[in-house]
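Analysis of the macromolecular model
Read off the chains here:
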Amino acid sequence: SQQGEEDPQALSIQEGENATMNCSYKTSINNLQWYRQNSGRGLVHLILIRSNEREKHSGRLRVTLDTSKKSSSLLITASRAADTASYFCATTQGAQKLVFGQGTRLTINP
Amino acid sequence: DTEVTQTPKHLVMGMTNKKSLKCEQHMGHRAMYWYKQKAKKPPELMFVYSYEKLSINESVPSRFSPECPNSSLLNLHLHALQPEDSALYLCASSPGLLGGYEQYFGPGTRLTVT
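The notes below deal with the structure included here. Here the structure is a predicted model, which means the values were calculated and not measured.

**With respect to the overall build of chain A**
Helix and strand counts for chain A come out as zero helices and 11 strands. Against the compact-globule benchmark of 13 Å for 110 residues, chain A has a radius of gyration of 13 Å, which places it among compact chains. Counting only C-alpha atoms and orienting by the principal axes, one finds that chain A spans roughly 40 × 30 × 20 Å. Burial status across chain A gives 46% buried among its 110 residues. Relative to all contacts within chain A whose residues are 6 or more apart in sequence, the contacts with residues 24 or more apart total 53%. Counting only carbon and sulfur atoms, one obtains 43% of the accessible surface of chain A, whose full area is about 5,100 Å². Of the charged side chains in chain A, 13 are positive and 9 negative, and the gap between their average positions amounts to 7 Å.

**Some remarks on the state of the cysteines**
Counting across every chain of the model gives two disulfides over all chains. Paired by a disulfide, C23 of chain A and C89 of chain A hold their sulfur atoms 2.0 Å apart. Linking C23 of chain A and C89 of chain A, the disulfide has an S-S dihedral of approximately 70 degrees and is accordingly described as right-handed. Linking C23 of chain A in strand 3 (residues 19-24) with C89 of chain A in strand 9 (residues 85-93), this pair joins segments that are 66 residues apart in sequence. Neither residue differs from the other here; C23 of chain A and C89 of chain A are each classed as buried. In this model C23 of chain B forms its disulfide with C91 of chain B; the gap between the sulfur atoms is 1.8 Å. One disulfide, between C23 of chain B and C91 of chain B, carries an S-S torsion of -70 degrees and so falls in the left-handed class. Of this pair, C23 of chain B sits in strand 3 (residues 18-25) while C91 of chain B is found in strand 9 (residues 87-94), placing the two residues 68 residues apart along the sequence. With respect to class, C23 of chain B is no different from C91 of chain B; both count as buried. With no disulfide of its own, C68 of chain B has C23 of chain B as its nearest cysteine by sulfur position, at a separation of 9.2 Å.

Reading the values: the criteria
- Residues numbered from 1 in each chain as written.
- Chains lettered and ligands numbered in written order.
- Predicted model: local features only at pLDDT ≥ 70, side-chain atom pairs only at ≥ 80, totals over all residues.
- Heavy atoms only, no water.
- Helix = DSSP H or I, 4+ residues; strand = E, 2+ residues; numbered from the N terminus.
- Rg over C-alpha atoms; globule rule 2.2 N^0.38 Å.
- Buried < 20%, exposed > 50% of the residue type's maximum accessible area, 1.4 Å probe, protein only.
- Contact = heavy atoms within 4.5 Å.
- Areas by Shrake-Rupley, 256 points an atom, 1.4 Å probe, with all protein chains shown as cover.
- Lys, Arg positive; Asp, Glu negative; His and termini not counted.
- Charge placed at Lys NZ, Arg CZ, Asp CG, Glu CD.
- Disulfide = S-S within 2.5 Å.

What follows is the structure, given as structure tokens:
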């Protein structure tokens, strides 16, 4: 079963704009991760945020976590064409199982 | 070396064929994973190996048979597959389990069953 639901399913913006995507989940978590997948390729880990953290930054990425609302958001600032990809949130079920959300397909238009 | 490699990149097989997918990592990771991903869907976990032992089997049909010959290698043996098994098969590894680790993914094998 898929724990995370992402919103929006697809997002198209102009280069240089900011992109925000959201993830909601159903059960308690220890951490939440975000991954990027370029078309038809493997996933790349972007950032991991623990349940006791509220915000985390990595370069142009900013992730927030609200455990009371069971939601997280990923903000990409000053978007570039190379950011075009699908973005997935993922939560851990039990000790070993990573469950991915449905993903957001982001298109950056030049 | 922070890379997970997978071979082959593409595979076309008939329903009566037997083939194998291979995955390799040299990061010293002790957990390795197989995922299946259909088009425009998220990856779905199939198997987890921890310290070379099968830890999780997500009720995968027996026509998929995983094998972990050593700590660096992970195989997925395929036999009598169905057309609906066509998908991108992703291998991943992580330093350990317990859900606190990022996973490193290979580029995947695009499988087509005819």
